[in-house]
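# Structure assessment
Listed below are the residues making up each chain.
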Amino acid sequence: MIQYPNLSLTLLLSLVLLPPFVWTRRYGLEPYPAIILPSGASKASVTKTQVSFNRTSLWGKHKEKGDWIRVDLEPFLEPIPIHYLYAIAKNSFGLKSPNRKIRNGVITPEEVQGGKQWLRQKLVQSGYVADALMITIDKETFDVAANKIITSYREHEEILRLD
C-alpha cells in the first residue's frame, strides 16, 4: 500500500507550473502560452506602494432627483458575467451604429432597438429612469499603505440615449 499515491503527480505538476510562476515574479517575464493569466479585462499597474487600474462603471438617473447614481453591476447585467462589462461598454452595448459589420454579420436597427429595450427594462427593474445610461471608465490609483484610493480621473464618459 502506497502512503502517498498522488505524490508523483503532484511533483510533476509542480515542475510544470513552478518555473513560469518564478519567471513571472522574479523577472517579470510571462511565458507563452501564458499559464498565469491576468485577472479581469486589463492588467493593473502594481508597485510596492500603489496599484493603478481602470474601473468601468454604469450610471442610471435617479427617478425623482435626476442625479446620476452608480448602478449595481451584478444584478443589472444578469445573466451576462461582470467580467464582460469592459468589452461590452467599449462597444457601447452595440447601440452606436446600426448596420455596422461585426464578425458574423451586421447589427441591424431591429437588434439595436432590442438592445435598447433590454437596457430600459434593466434600468426600470433597478429603480432608475429608463431614458439614458452612462458608461464611465476611471483610472484609479490605490495606496496600499493607506488602504484607500488616492487619485481618480475620468478617462471616458459616454451617455447612451435609450429613447
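Residues numbered from 1 in each chain as written. Predicted model: local features only at pLDDT ≥ 70, side-chain atom pairs only at ≥ 80, totals over all residues. Heavy atoms only, no water.

### Things to note about the overall build of the protein chain
Let me state the cut-off plainly: Only DSSP runs of H or I covering at least 4 residues are called helices, and only runs of E covering at least 2 are called strands; the numbering of each starts at the N terminus. Exposure is judged per residue with a 1.4 Å probe applied to protein chains only, and the accessible area is read against the type maximum: over 50% gives exposed, under 20% gives buried, and values in between give partly exposed. Residues are treated as being in contact if the distance between any of their heavy atoms lies within 4.5 Å.
Helices and strands together make up the secondary structure of the protein chain, namely four helices and seven strands. Its helices and strands taken in sequence order, the protein chain reads α-β-β-β-α-α-β-β-α-β-β from the N to the C terminus. Taken across its 163 residues, the protein chain has 23% of its residues classed as buried. The contacts of the protein chain with a sequence gap of at least 6 include a subset with a gap of at least 24, amounting to 54%.

### Looking at the side chain of threonine 141
The following threshold applies: In protein, a polar contact means a hydrogen-donor-capable atom and an acceptor-capable atom, both N or O and within 3.5 Å, with residues adjacent in sequence counting only if both atoms are side-chain atoms; elsewhere, any N or O pair within 3.5 Å suffices.
Relative to the elements of secondary structure, threonine 141 occurs in strand 6 (residues 132-143). Residue classification places threonine 141 among the buried residues on the basis of a relative accessible area of 11%. Here serine 52 takes part through its side chain, which lies 3.2 Å from a polar atom of the side chain of threonine 141. When near neighbours in sequence (up to four residues on either side) are disregarded, threonine 141 contacts Gln50, Val51, Ser52, Lys148, Ile149, Ile150 and Thr151.

### Some remarks on the nonpolar core
The condition is simple: Residues enter a nonpolar core if they are buried and are Ala, Val, Leu, Ile, Met, Phe, Trp, Tyr or Cys, with the set joined through side-chain atoms within 4.5 Å.
Among the nonpolar cores identified, the biggest contains 18 residues, and Leu58, Phe76, Phe93 and Leu133 are the most heavily contacted of them. Contributions of two or more residues to this core are made by helix 2 (73-77), helix 3 (85-90), helix 4 (109-125) and strand 6. With residues up to four places along the chain from it excluded, the contact list for phenylalanine 93 reads Leu58, Leu77, Leu85, Ile88, Leu119, Leu133, Ile135 and Leu160.

### Details of helix 4
Residues three or four positions apart in an α-helix share a direction because the helix packs 3.6 residues into each turn. What counts, and what does not: Helix span, expected: 1.5 Å multiplied by one less than the number of residues in the helix. Note: the arc covers the axis-to-C-beta directions of the helix.
The end-to-end C-alpha distance of helix 4, which contains 17 residues, comes to 24 Å, matching closely the 24 Å that a straight helix rising 1.5 Å per residue would cover. Of the residues making up helix 4, those classed as buried are Val112, Lys116, Leu119, Lys122 and Leu123. Taken around the axis of helix 4, the buried residues stretch over an arc of 125 degrees, which confines them to a single face. Summarising the geometry of helix 4, the exposed residues directed more than 90 degrees from the buried face are Glu110 and Gln125. Of the surrounding secondary structure, the elements contacted by the buried residues of helix 4 are strand 2 (50-61), helix 2, strand 6 and strand 7 (148-161). Backbone geometry just after helix 4 places glycine 127 at a positive phi near 90 degrees.

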